[in-house]
Structure formats: structure tokens, C-alpha cells
Amino acid sequence: MDIDQLKHKWNDIELPDSAAERRVRELERRVSANKVPTLRDKLYRLFIRMVAVSFFGILTLVPFTSDSPGLVIAASAFFVVMGLANFYQALAVKRIDIGHISVREALEKVYKVEKRKMLSRTFGITCAIPLLCFMVMTFSDIYGNWALYGCMVGIMIGGCLGLLINHHATTLLQEMKSQLKKAEDGD
């Protein structure tokens with residue numbers, strides 16, 4: 001028996017796959033099919049969802065147009081500005097193309113996105129607090145004390161959701177930075 005026949009026999013032997021090997025094959029299949037979401041894609045989708053939430057916020061104000069047009073105008077302006085800020089952030093994240101730029105440039109872009117996110121969050125909180133006070137006063141004047149309680153619960157729920165979303169975005173940005181720093185140190 002020569003060496004080529006031995007190679008063929010060796011390759012023909014099928015051993016059962018272990019669980020780890022099956023997971024690796026599945027991951028390879030998903031990567032080749034481009035179905036593995038990257039951190040950049042996750043962050044992009046998060047900002048796009050926030051744009052959708054801003055649009056939905058404007059739509060929820062429509063029933064209150066006749067009762068308080070000033071409130072609707074102020075809240076709509078807030079939602080438009082925050083929606084545009086999130087859309088701009090989404091575009092900035094989408095422009096981070098690791099395949100076409102250096103690791104250093106990608107890291108700089110991630111730092112810029114992080115800085116803009118912090119500025120946007122600061123602006124949003126600064127504008128939201130007086131707007132929420134205006135909303136609470138307006139709703140309690142128009143609809144009574146139960147509306148006041150409902151507003152307070154809504155503010156608490158909205159604040160908790162905002163903190164969770166901010167934590168998720170911050171975590172994604174930190175993971176992106178750490179991966180890029182590792183790649184930069186490896187070069």
C-alpha cells in the first residue's frame with residue numbers, strides 16, 4: 001500500500017462529531033452566510049430603533065392636539081431633534097467599515113460616536129426634564145389627578161427603559177473599543 005492509498009483510507013474514516021465541532025461548523029456556516037451580527041450592526045440597529053421610537057412618540061401626541069397644541073408642538077420638536085440625532089448616530093456607526101480603513105481610524109470613529117452619544121444624551125435629558133414637567137402639569141390640569149399619577153408612573157418606566165438602552169449602547173461601544181484596541185496592539 002502506498003502513501004496515497006493510506007491518505008484516502010484515512011480521509012474516508014468518519015469519526016462522530018463532538019458537540020464542540022458541531023458548534024464550530026454551525027458558526028462557520030453562519031459566518032460564511034453573513035448571518036452573524038457584528039457589534040457595529042447591533043449598535044446601528046439600536047440607533048435605528050431609537051429613531052423609530054422618536055417617530056412613534058410623535059404619533060402618540062396626535063390625540064392631544066386639540067387639548068394642548070403647545071404641548072404637542074414642544075414634544076414633537078423634541079422627538080424630531082432626538083430622532084435626527086439618533087439617525088445621525090446610526091449613519092456614523094454604519095460608516096465604521098473595518099475592511100476599508102485602518103484599525104486606528106476605526107477606533108477614532110468609535111470614540112467620536114461615543115462622544116456624540118454622550119452629547120446627545122446630555123442634550124436629551126436637559127430638554128426632556130422641563131418638557132416632562134410641562135406634560136405633567138398640562139395633563140393633570142386637563143385630565144385630573146389620575147393623569148398625574150399615570151404621568152409619574154410613565155416617567156419612572158421611561159427612565160428605567162432609557163437607562164437600560166443607554167447601558168446596552170455603552171456596553172456595545174466599550175466592546176468595540178476593546179476589540180479594536182486588541183487588534184491595534186496585535187498589529
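In this text, all values refer to a predicted model and were calculated from it rather than measured experimentally. Numbering of residues starts from 1 in every chain and runs along the sequence as written. Whole-chain, interface and lining totals are the exception, using all residues; otherwise, since this is a predicted model, local features are given only for residues with pLDDT of at least 70 and side-chain atom pairs are given and counted only at 80 or more. Where side-chain values are given, they derive from all heavy atoms of the structure, hydrogens and water being excluded.

> An account of the overall build of the protein is needed here, citing residue identities and associated values.
A run of H or I in DSSP counts as a helix once it spans at least four residues, and a run of E counts as a strand once it spans at least two, with each numbered from the N terminus. Of the regular secondary structure elements, the protein holds six helices and zero strands. The order of α-helices and β-strands along the protein, N terminus first, is α-α-α-α-α-α. Residue exposure (1.4 Å probe, protein chains only): buried if accessible area is under 20% of the type maximum, exposed if over 50%, otherwise partly exposed. A total of 187 residues make up the protein; the buried ones form 24% of that total. Reported accessibility uses the Shrake-Rupley method at a 1.4 Å probe radius. Residues are deemed covered only where the shown protein chains occlude them. About 13100 Å² of surface is accessible on the protein, with carbon and sulfur atoms providing 66% of the total.

> Would you mind going over the side chain of Lys 117 in detail, with residue names and values included?
Summarising the element assignment, Lys 117 is placed in helix α5 (residues 103–143). The charged-residue count follows a simple rule in which Lys and Arg add positive charge and Asp and Glu add negative charge, with His and chain termini not counted at all. By convention in these notes, a salt bridge is any Lys or Arg side-chain nitrogen within 4 Å of a carboxyl oxygen on Asp or Glu. No salt bridge forms around the buried Lys 117; measuring N to O, its nearest opposite-charge neighbour Glu 114 is 6.8 Å away. What qualifies as a polar contact is a pair of N or O atoms within 3.5 Å, subject to a donor-acceptor requirement within protein and to the restriction that residues adjacent in sequence count only when both atoms come from side chains. At 3.4 Å, the side chain of Lys 117 and the side chain of Thr 170 are in polar contact. For Lys 117, the contacting residues outside a window of four places in its chain are Phe 47, Gln 89, Asn 166, Ala 169, Thr 170 and Leu 173. Should any heavy atoms of two residues lie within 4.5 Å, those residues are counted as being in contact.

> Outline the nonpolar core, supporting the account with residue identities and numerical values.
What is meant by a nonpolar core is a set of buried Ala, Val, Leu, Ile, Met, Phe, Trp, Tyr and Cys residues, joined one to another through side-chain atoms within 4.5 Å. Judged by nonpolar contacts, the single largest core of 18 residues is most densely connected at Leu 43, Phe 47, Ile 96, Val 110, Val 113, Met 176 and Leu 180. Elements represented by at least two residues in this core include exactly α3 (39–60), α4 (69–94), α5 and α6 (145–186). Not counting residues up to four positions away in its chain, the partners in contact with Ile 96 are Arg 40, Ala 106, Lys 109, Val 110, Val 113 and Met 176.

> Residue-level account of the packing of α4 against α5, with values.
Running from N to C, α4 and α5 cross one another at 165°; their axes reach a closest spacing of 10 Å. Considering the angle they form, α4 stands roughly antiparallel to α5. Two packed elements cross with a definite hand, and for α4 against α5 that hand is left-handed. In this analysis, axes come from line fits to C-alpha atoms, helices being fitted only over the stretch in contact, and the angle between any two N-to-C directions falls in the range 0 to 180 degrees. Should an angle fall under 35 degrees it is taken as roughly parallel, and over 145 as roughly antiparallel, whereas 65 to 115 is taken as roughly perpendicular and any remaining angle as oblique. Left-handed describes a crossing in which the near helix is turned anticlockwise from the far one by less than a right angle; the clockwise case is right-handed.

> Please provide a residue-by-residue account of a positive patch on the surface, values included.
A grouping of Lys 42, Arg 45, Arg 49 and Lys 94 is seen on the molecular surface, where their side chains present a positively charged patch. Turning to its location among the elements, Lys 94 is positioned in helix α4. Patch membership is restricted to residues that have no salt bridge and whose relative accessible area is over 30%. Joining uses 9 Å for like charges and 5 Å for the nonpolar side chains Val, Leu, Ile, Met, Phe, Trp and Tyr. Taken as the charge location is NZ of Lys, CZ of Arg, CG of Asp or CD of Glu.

> Please provide a residue-by-residue account of the pattern of salt bridges, values included.
Opposite charge on two side chains makes pairing possible when the charged atoms of those side chains draw close. Enumeration according to the criterion identifies two salt bridges in this entry. The shortest N-O distance in the salt bridge between Lys 177 and Glu 114 comes to 2.9 Å. A residue pair is termed long-range when its members are at least 10 positions apart, and Lys 177 in helix α6 and Glu 114 in helix α5 qualify at 63 residues. Under the relative-accessibility criterion, Lys 177 is labelled buried at 13%.

> Quick rundown of the packing of aromatic side chains? Include the residues and the values.
Two aromatic rings, drawn from Phe, Tyr or Trp (for Trp, its six-membered ring), form a pair once their centres lie within 6.5 Å of each other, and the interplanar angle then sorts them: stacked below 30 degrees, edge-to-face above 60, tilted otherwise. Taken as a whole and assessed by the stated rule, the structure comprises five aromatic pairs. When the ring of Trp 146 is compared with that of Tyr 149, the centres are 5.6 Å apart and the planes differ by 80°; the resulting orientation is edge-to-face. With a gap of three residues between them, Trp 146 and Tyr 149 both fall in helix α6, about one helical turn apart. Trp 146 gets classed as exposed once you look at its relative accessible area, which sits at 73%.

> Account for a nonpolar patch on the surface, with residues named and values stated.
A cluster of nonpolar side chains, contributed by Val 153, Ile 157, Leu 161, Leu 164 and Ile 165, occupies part of the molecular surface with about 450 Å² of accessible area. Examined against the element boundaries, Leu 164 turns out to sit in helix α6. With relative accessibility at 58%, the residue Leu 164 sits in the exposed group.

> Explain the side chain of Ser 120 to me, using residue names and the numbers behind them.
With respect to the element layout, Ser 120 can be found in helix α5. In this structure, Ser 120 is in contact with Met 82 and Ala 85, ignoring residues within four places of it in sequence.

> So what's going on with the packing of α3 against α4? Residues and values would help.
Between α3 and α4, the shortest axis-to-axis distance is 8 Å and the interhelical angle comes to 165°. Between α3 and α4, the interaxial angle falls into the category roughly antiparallel. For the element pair α3 and α4, the recorded crossing hand is left-handed. Between α3 and α4, the residues in contact are Arg 40, Leu 43, Tyr 44, Phe 47, Ile 48, Met 50, Val 51, Ser 54, Gly 57 and Ile 58 and Ser 76, Phe 79, Val 80, Met 82, Gly 83, Asn 86, Phe 87, Gln 89, Ala 90, Val 93 and Lys 94, respectively. Asp, Glu, Lys and Arg are counted as charged, while Ala, Val, Leu, Ile, Met, Phe, Trp, Tyr, Cys and Pro are counted as nonpolar; the rest, among them Gly, fall into the polar class. Taken together, the residues of the contact of α3 with α4 sort by class into 13 nonpolar, six polar and two charged.

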